[in-house]
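What follows is each chain in one-letter form.
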Amino acid sequence: QRYIALVFYFSTEGWHWFDDLNFMKKTSICEWQRTSSNASATTGIECNGNGEIVYINAAGNNVSGTLPSELFQLPSLSILNLASNLLTGPLPDNLMASKTMRRLDLRNNRLNGTIPEVEPFLGYLEINLSKNLLFGNIPES
């Protein structure tokens, strides 16, 4: 998981993020985060009790570059929020293959190409790909 988090950091030019979210620290990846002053929202990575990444939020953080397919290999990732950034390029082919993903928010980026086809969504409850240069359909169920 640390490897995949580092791939994400380098693929999205983490050194240009507004907030580094403690990525690249010699701490557990579960500590690569910032909690807002009102403690209602975490930005960065959250893990479950087994130390598996379940949540990544870097919305509005100047995240650029391409979305690495490795993110969708995280076995417990259920929420990915990278809205309002500068991501470019196509969506990874394995984007819709996650069996644990529940919420995917990639709106307001510069992603382009075709939305990958999928058999009825495996687990997604909410997907937002608006305000990109994508074409294709998202199955309704």
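Residues numbered from 1 in each chain as written. Predicted model: local features only at pLDDT ≥ 70, side-chain atom pairs only at ≥ 80, totals over all residues. Heavy atoms only, no water.

Let us now look at the packing of aromatic side chains. Considering all chains together, one arrives at nine aromatic pairs under this definition. Judged by centre distance (5.6 Å) and plane angle (50 degrees), the rings of Phe 8 and Trp 17 are tilted. Overall, Phe 8 belongs to the buried group, its relative accessible area being 1%. Trp 17 gets classed as buried once you look at its relative accessible area, which sits at 6%. A ring pair is formed by Tyr 9 and Trp 15, whose centres lie 6.4 Å apart and whose planes are at 65 degrees; its orientation type is edge-to-face. On the basis of relative accessible area, Tyr 9 is assigned to the buried category, the value being 10%. Within the aromatic cluster, the residues linked to one another by ring pairs are Phe 8, Tyr 9, Phe 10, Trp 15, Trp 17, Phe 23 and Trp 32. (Phe/Tyr/Trp six-rings, centres within 6.5 Å; stacked < 30°, edge-to-face > 60°. Buried < 20%, exposed > 50% of the residue type's maximum accessible area, 1.4 Å probe, protein only.)

The tally for this structure, following the rule as stated, stands at five salt bridges. Taking the shortest distance from any N to any O, the salt bridge between Arg 34 and Asp 19 comes out at 3.1 Å. Taken as a pair, Arg 34 in strand β1 (residues 33-35) and Asp 19 in the loop between α1 (2-11) and β1 lie far apart in primary sequence, 15 residues in all. Classification of Asp 19 by relative accessible area gives partly exposed; the value is 24%. The salt bridge partner of Arg 34 is Asp 20, with a shortest N-O separation of 3.2 Å. Taken together, the residues Arg 34 in strand β1 and Asp 20 in the loop between α1 and β1 connect sequence positions 14 residues apart. On the accessibility criterion, Arg 34 (34% relative accessible area) is partly exposed. Counted as one network, the salt bridges with shared partners bring together Asp 19, Asp 20, Lys 25 and Arg 34. (Salt bridge = Lys/Arg side-chain N within 4 Å of Asp/Glu carboxyl O. Helix = DSSP H or I, 4+ residues; strand = E, 2+ residues; numbered from the N terminus.)

Let's shift gears to the side chain of Asn 22. On the secondary structure map, Asn 22 appears in the loop between α1 and β1. Excluding its chain neighbours within four sequence positions, the residues that come into contact with Asn 22 are Glu 31, Trp 32, Gln 33 and Arg 34. (Contact = heavy atoms within 4.5 Å.)

Before going further, it helps to examine the pairing of strand β3 (residues 53-57). Counting buried positions over the five residues of β3 gives five, a clear majority of the element. As paired elements, strand β2 (residues 42-47) and β3 share four bridges and run antiparallel to each other. Counted as the bridge partner of Ile 45 is Ile 56 from β3. Hairpin connection, β2 to β3: the antiparallel pair is bridged by five residues, and Gly 51 has positive phi, about 80 degrees. Of the pairings in the sheet, the one linking β3 to strand β5 (residues 79-81) comprises three bridges and is parallel in character. Its bridge partner being in β5, Tyr 55 is matched across the sheet by Ile 79. (Pairing = 2+ DSSP bridges.)

Grouped together as the largest cluster of nonpolar side chains are 32 residues, with contacts concentrated most on Phe 23, Ile 56, Leu 71, Leu 80 and Leu 106. Contributions of two or more residues to this core are made by α1 and β3. Counting residues per element, this core draws most heavily on α1, which supplies four residues. (Core = buried A, V, L, I, M, F, W, Y, C linked by side-chain atoms within 4.5 Å.)

For α1, every residue scored as buried is listed here: Ile 4, Ala 5, Val 7, Phe 8 and Tyr 9. Residues of α1 that are buried in the fold lie against β2 and β3.

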